[in-house]
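Structure assessment
The residues making up each chain are set out below.
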Amino acid sequence: MSVLTQSPGWQALQAHHKTIARVQMRDLFAQEPNRFERFSLQVGDILLDYSKNRITTKTRSLLLDLAREADLPDWIEHMVGGERINTTEGRAALHIALRNRSNRLIAVDGQDVMPAVNAVLSRMQAFSETVRSGAWAGYAQGRITDIVNIGIGGSHLGPEMVCEALKPYGSAELSVHFVSNVDGAQIAQTLQRLNPASTLFIITSKTFTTQETLANARTARSWFLENGGDMASLAQHFVAVTNNKDAAAAFGIDPQRTFEIWDWVGGRYSLWSAVGLPIALAVGFERFTELLDGAHSMDEHFRTAPLHENMPVLMGLLGLWYGSFFGAETLAVLPYDQTLHRFPAFLQQLDMESNGKRVTRDGEAVDYATAPVVWGEPGTNGQHAFFQALHQGGKLIPADFIAAAESHYPIDRHHDMLLANFFAQTEALMRGKTAAEVRAELQAGGLSGDALERLLPHKLFPGNQPTNSILLRKLDPGTLGALIALYEHKIFVQGMIWRINSFDQWGVELGKQLATVILAELETPDPVSSHDSSTNGLINAVKEMRDGS
Ligand code: G6Q
């Protein structure tokens, strides 16, 4: 047994789980009329209602005991204090410094990082304002109308998700595009629509060694040079965001047009840094700083609120309760907000790359579940697709529902219809429908006897599916910043209790190594025999298919 599963806090929860496992939430609601007040809290413009969870006050206090036993408050201090908590890479995890709007001193190895953070923010401001005002001229002296961010993973998902979410704040004069996939289809289809004279490329790569990003950047550069641009004007059309200035310079990007990020910024936590340049360009620097302000307010809440009133802590504990004790394997993230349509994909990386780990930070194998499989789609689309399985599929699938009270698009009854569906779904998932209720309904519809009995099991809803309801006043930059920070910290809470390193990602390396070997093999005519028969078979089949064409 591991240190964690042997701990008194864990054992107490295991015993408690036995009593809770059979409890129906609809009974808890009947017994506790003030359950909403008891199990909800508001931080700024975010309300979290966690009353539709399979918990009692006892569950909450046992989960909080586990957090204390895992020294969570100390871990929070270690993170915000700039300690090198990413031990396998010897790095701090200081995304909170990127949005440290109070400018409180934050040091790594005794050196305050804030002057460098603020200097890059000033450069981002000057640059984004020049481009947005039209003062930044392309080689034909016209304004920039299109930005193409070339980057992948952490250098793509966050900025793209935020640009989509903040579309209502965008400018009609500037479109932002994202190219991440090495599949040539994406860059080809993006460039097809663009004019090199009015296009600005941002090559976003912390390492500036990522295969996909460099391939797309080279293709973009060739397209630019072959369609009117020249080497002298490259500097007006290509900028870089990187920790590797030399590699960016070797690619041909003017060091004056390179925005720095630091090794203590993890890719998936980097949208607050110069990686967020596409956001500043899309919505303006002032809105970008509002995003940082929102995240900072959640950081301050996380750092200072007592554990029992701490939103990221409570959300982290609830997720851990289902994953580690009920055996739930997934988390559905269901934004009832079309502009948040990339939020589940962003969270997939944030959660699964951070906590999809099988050993503790000391290298011990874990004997408990870690990161859930995160998935989801915006509501109400999911209701007409996979919600069937949430209601009657027989699997425990905790879900986060997210919506804004106020819409940017107050058209007719749309927003009330959207919210009505959100609330109806969480109610249905919690309550279910009992045999007695189904029977009464069918009888009222005139059915009886065998016909009724045959239909009845199909119309039963077991309910008891846990949901968190996250209600935002309005999806503005500040609230979005706070929402993202909420999930970042939630994931941190879980990682620290699971005793894992949430900030490395060694699991992505093996595939990269093998791909380098296979790429060379695909480019030779000879059949390959150095792999297993499946991999050999696939490589050789490609060669044969191409020969035959
Ligand atoms: C994120 C990961 C990973 C990374 C990409 C891109 O936390 O480290 O998704 O962001 O592999 O890396 P570069 O920015 O170095 O190109």
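Another aspect to go through is the sheet that holds strand S9 (residues 258-260). One open sheet holds the five strands; their spatial order is S6-S5-S7-S8-S9, and the pairing between them is parallel. Looking at strand neighbours, the two that pair on one side only are strand S6 (175-179) and S9, the edges of this open sheet. Averaged over all pairs of adjacent strands, the angle between strand axes in this sheet comes to 20°, irrespective of strand direction. Summarising the sheet, strand S8 (residues 238-242) and S9 pair through three bridges and their orientation is parallel. Residue Thr242 lies in a different strand from S9, and its bridge partner there is Glu260.

The next point concerns the packing of aromatic side chains. The geometry of an aromatic ring pair is captured by two quantities: the separation of the ring centres and the angle between the planes. Scanning the model with the defined rule gives 28 aromatic pairs in all. Residues Phe302 and Phe492 carry aromatic rings whose centres are separated by 6.2 Å and whose planes lie at 90° to one another, so their mutual orientation is edge-to-face. Here Phe302, found in helix H15 (residues 285-304), pairs with Phe492, found in helix H22 (residues 477-497); they are 190 residues apart in sequence, far enough to count as distant. Each of the two residues, Phe302 as well as Phe492, counts as buried. Relative to Phe503, the ring of Phe492 has its centre 6.2 Å away and its plane inclined at 40°; by these criteria the two rings are tilted.

In a structure, side chains of opposite charge can pair up when their charged atoms sit close to one another. Taken as a whole and judged by the stated rule, the model has 23 salt bridges. Glu437 is the salt-bridge partner of Arg26, the closest N and O atoms lying 3.0 Å from each other. Remark: Glu437 occurs in helix H20 (residues 435-444) and Arg26 occurs in helix H3 (residues 25-31); sequence separation between them is 411 residues. With relative accessibility at 19%, the residue Arg26 sits in the buried group. Given a relative accessible area of 28%, Glu437 falls into the partly exposed group. Salt bridges linked by common partners bring Arg26, Arg431 and Glu437 together as one network.

Right, let's get into empty space enclosed by the protein. Within the structure shown, the criterion is met by five cavities of 30 Å³ or more. Roughly 190 Å³ of volume is contained in the largest cavity. Lining of the largest cavity is provided by 20 residues; of these, Leu318, Gly319, Tyr322, Leu331 and Pro398 occupy positions nearest its centre. Mapped by element, the contributors of at least two residues to the lining of the largest cavity are helix H16 (311-326), strand S10 (330-335), strand S12 (399-406), strand S13 (467-474) and H22. When residues in the lining of the largest cavity are grouped by element, the largest group, five residues, is from H16. A per-class count over the lining of the largest cavity returns 10 nonpolar, eight polar and two charged. The computed volume of the second largest cavity comes to approximately 60 Å³. Only helix H5 (57-69) and H16 provide two or more residues apiece to the lining of the second largest cavity. Tallied by class, the residues present in the lining of the second largest cavity amount to seven nonpolar, no polar and one charged.

What counts as what
Residues numbered from 1 in each chain as written. Predicted model: local features only at pLDDT ≥ 70, side-chain atom pairs only at ≥ 80, totals over all residues. Heavy atoms only, no water. Pairing = 2+ DSSP bridges. Helix = DSSP H or I, 4+ residues; strand = E, 2+ residues; numbered from the N terminus. Axes fitted to C-alpha atoms, helices over the stretch in contact; angles between N-to-C directions. Phe/Tyr/Trp six-rings, centres within 6.5 Å; stacked < 30°, edge-to-face > 60°. Buried < 20%, exposed > 50% of the residue type's maximum accessible area, 1.4 Å probe, protein only. Salt bridge = Lys/Arg side-chain N within 4 Å of Asp/Glu carboxyl O. 1 Å grid on protein atoms, 1.4 Å probe; cavity = no way out; pocket = protein on both sides within 12 Å on 5 of 7 lines; lining within 4 Å. Points joined across faces, edges and corners; volume = space filled by probe spheres on them. Nonpolar A, V, L, I, M, F, W, Y, C, P; charged D, E, K, R; others polar.

Everything listed here is a matter of coordinates, which is why it stays silent on function.
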